[in-house]
Amino acid sequence: MKKVNFYGPAICLTLGLAMLGTSCKHETDAEKYKGEVGLVNFDTTAKPQQDFYQYVNGSWLKNNPIPASEAAWGSFNVLNDSIVARLRKLLETAGANKQAAAGSTEQKVGDLFFCMMDSVDLNKNGITPLNDELGKINAISDNKSLWAEAARLMKIGPDVMFGAGVEQDAKISSKEVFTIGQGGMTLPSKDYYIEDAPMYKMLRGKFLEYATNIFVQMGESADAAAKDAQKVLDIETQMAHSSMSRIEQRDITAQYNKMPMTELAKVTPNIDWATIYDVFGAKSIDTVIVAQPLFMKELSDMTKSVSMDDWKTYMRFHLVSSEASKLSDTLSKISFNFWGKTFQGIKEQQPRWKRSVEGTSRSLGDLLGQLYVAKYFSPEAKAKVNEMVTNVIAAYKQRINQVAWMSPETKKYAIAKLDKITLKLCYPDKWKDFSALEIKRDAWVLNSFRINEFEFNFDMNKLGKPVDRTEWGMSPQTVNAYYNPSMNEIVFPAAIMQPPFFDPNRDDAMNYGGMGAVIGHELTHGFDDEGCQFDAEGNMHKWWTNQDSAQFHNKLQVLIKQFNGYTVDSMNVKGELTIGENTADFGGLTIAYTALQNDLKEHPEGVVDGFTPEQRFFIAWAQAWRENIRPNYQRQLINTNPHSPTIFRANGPLSNMPEFYKAFSVSSNEHNPEVKSFEIKPGDGMYRADSVRASIW
Ligand SMILES: [Zn+2]
């Protein structure tokens, strides 16, 4: 089931690491980062004023090639790898324990991990664990049974037809509401179906090959399989035409279409809502939010124009495609060849143990997280990060008060919104109750169905109840962070509070350039192009004066233009798609820099390895974004990821900051000859003229 989540906690620090990781041993030793600038990782032949990212990371990038089983390799992966190693130990212990009390956390995570590792059984069973579901699809005979089975599939995992789920009402943040939107398409976004450029045509060809392989695995002849693959592509292309692009999906207002259920039923007469809600276990849904009404209307029309047999073909494909990686080596390889090799350029599959560790962590994140924090939680890190958050918020208020473009009344409200932000650190105060979830040593895919159904029911159960503000959207072992505008909250899982982002034993300058900027990044999301539309209580509601709002959007335009100008492999970064994240990076860095300046007044720091505290701040920022990435994967991300390529995340904001120019300038450092300094002048890669330099906070 694909949640609609058009404004939800999707606003995070980076792309999830779900598909990343490695089997190789790289630097995972926290000791290595302590107190040092990491000169060994610099490329001292590179000119910092030309490319600061290369200067700080050049040797690291050269010495850390992407492992064959990875799409990219950078700071996040290195840290994630050390977490995966810890989780592996926990899971191997739990998996080997056949005596764990039934229903206990150990039993659930241990049994799931065991099923994932059991290659003998997985290969022996092949596609057979799906036979029951395939039988149900084959038995579809009319519109009612079509929608009953579609709803059932949505509940247990495969993304068919449309997306649905329970979310906070964007305009009444104390309420949960049933939300519906586009879904049911395999390729990453609309462009992949409709664009004519050679890359898209090639990928559509690869999709047909992939789908053909999936149908052959269901026992079809090559000929029949190829015809069925084409039918699936035709159906999904038709769906894509009436769906929204990723950029259009940044328009939150356009997607807030609240309507009585009767109204939706009127424009979608062929969708059997009564049957769907019956399968969902939803007793009375009288109001819905429809993110993409046009899509739903088209889907209703298609229900009649596409034949029943073709819908069955579409659903069989989605079932097997969605679950292939959880079945035999043959099926898992077919899935990897398409998603891993073709889309991301990865050379080989990750070893089974690693797929199993990360798979368990994704599926039972909160349960495994309980075992993780019991062993690895650092109260010291939590206390220090807590203090940094207070300082960064204070710095943000200071910056807001100083900006000339915002009126006093909007400033006042912005500060009130900052004061109301909820902070969640390390792990939830209250763990989710998983007692209704059964995990058995039968088959990986069957456990996956049960987990998805449990999560689905958990969400459905929220309807009509007050919003639970203690809930978390990320597990504690996730190397990431997020801001959720509907909750007006910032969330930092335990895993991000580690090097290279944070180290309680490291100097403040580096910590503010890493973790401080991460904190600033999440705070700024409350005031980016999407976050600025939500008030202090998390309601979508305009609190800006018209003039301030217009000024703010003009400022965003400068940043959009800047990022539109960056290219990778002759592909332009999409300034509009990445504007929220670029605002957060730029704002976060600016605010964290002010927080560091405040901190240095109380705790002055000296020069380390020839760098002042201000310089080390920018070095830590550039280090956080070091990454080698495969070209195929980079192209996919440019199309779909709201975060810019990491080299531009590192360099882009710096080239806008007078603080950066000053920190390295010869005149600022002339009293201190041991300090490395340089001027950034017109014509240099890092230089932006005043007239095109962005300034927001
Ligand atoms: Zn972000």
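This one's a predicted model, so the numbers in the text were calculated from it and none came from an experiment. (Residues numbered from 1 in each chain as written. Predicted model: local features only at pLDDT ≥ 70, side-chain atom pairs only at ≥ 80, totals over all residues. Heavy atoms only, no water.)

Caption draft 1: Up close: the pattern of salt bridges. Scanning all chains against the criterion turns up 32 salt bridges. Notably, a salt bridge pairs Lys-354 with Asp-81, separated by 2.6 Å at the nearest N-O pair. Of this pair, Lys-354 sits in helix 16 (residues 352-363) while Asp-81 sits in helix 2 (residues 75-96); the two residues are 273 residues apart in sequence, bridging distant segments of the chain. For Lys-354, a relative accessible area of 0% gives the class buried. Given the relative accessible area of 9%, Asp-81 is considered buried. Between Asp-468 and Lys-430 there is a salt bridge, with the nearest N and O atoms lying 3.1 Å from each other. In this pair, Asp-468 is assigned in the loop between helix 20 (444-460) and strand 7 (482-484) and Lys-430 in the loop between strand 6 (422-426) and helix 20, connecting sequence segments 38 residues apart. (Salt bridge = Lys/Arg side-chain N within 4 Å of Asp/Glu carboxyl O. Helix = DSSP H or I, 4+ residues; strand = E, 2+ residues; numbered from the N terminus. Buried < 20%, exposed > 50% of the residue type's maximum accessible area, 1.4 Å probe, protein only.)

Caption draft 2: Highlighting the pairing of strand 8 (residues 489-493). Buried residues dominate strand 8, accounting for 5 of its 5 residues. Neither face of strand 8 is open: one carries Glu-489, Val-491 and Pro-493, the other Ile-490 and Phe-492, and all of them are buried. Bridge count for strand 6 against strand 8 is 5 bridges, and the pairing is parallel. Following the sheet pairing, Lys-424 is matched in strand 8 by Val-491. Pairing between strand 7 and strand 8: 3 bridges, direction antiparallel. Within the sheet, the bridge partner assigned to Tyr-483 lies in strand 8 and is Ile-490. Counted along the chain from strand 7 to the antiparallel partner strand 8, the turn is 4 residues long, and its residue Asn-488 has a positive phi close to 45 degrees. (Pairing = 2+ DSSP bridges.)

Caption draft 3: Representation of the packing of aromatic side chains in the model. Within the structure shown, the criterion is met by 52 aromatic pairs. Seen from their ring centres, Phe-454 and Phe-458 are 6.2 Å apart, and the 40 degrees between their planes marks the pair as tilted. With a gap of 4 residues between them, Phe-454 and Phe-458 both fall in helix 20, about one helical turn apart. You can call Phe-454 buried: its relative accessible area is 10%. Through a chain of ring-to-ring contacts, three or more aromatic side chains come together here, namely Phe-42, Phe-52, Tyr-55, Tyr-593, Phe-611, Phe-617, Phe-618, Phe-660, Tyr-661, Phe-664, Phe-678 and Tyr-687. A cation sits over an aromatic face here: Arg-693 above Tyr-661, 4.0 Å from the ring centre. One residue, Arg-693, lies across the ring of Tyr-687, its end atom 6.0 Å from the ring centre. (Phe/Tyr/Trp six-rings, centres within 6.5 Å; stacked < 30°, edge-to-face > 60°. Lys NZ or Arg CZ within 6 Å of the ring centre and 35° of its normal.)

Caption draft 4: Structural context of the sheet that holds strand 6. Strands sit in the order 6-8-7 across an open sheet of 3 strands; the sheet is mixed. The sheet is open, and its two borders are formed by strand 6 and strand 7, each paired with just one other strand. Pairwise comparison of adjacent strand axes, ignoring direction, gives a mean angle of 15 degrees for this sheet. In this fold helix 18 (residues 379-402) packs onto strand 6 and strand 8, with an angle of close to 155 degrees to the strand it touches most, strand 6. (Axes fitted to C-alpha atoms, helices over the stretch in contact; angles between N-to-C directions. Contact = heavy atoms within 4.5 Å.)

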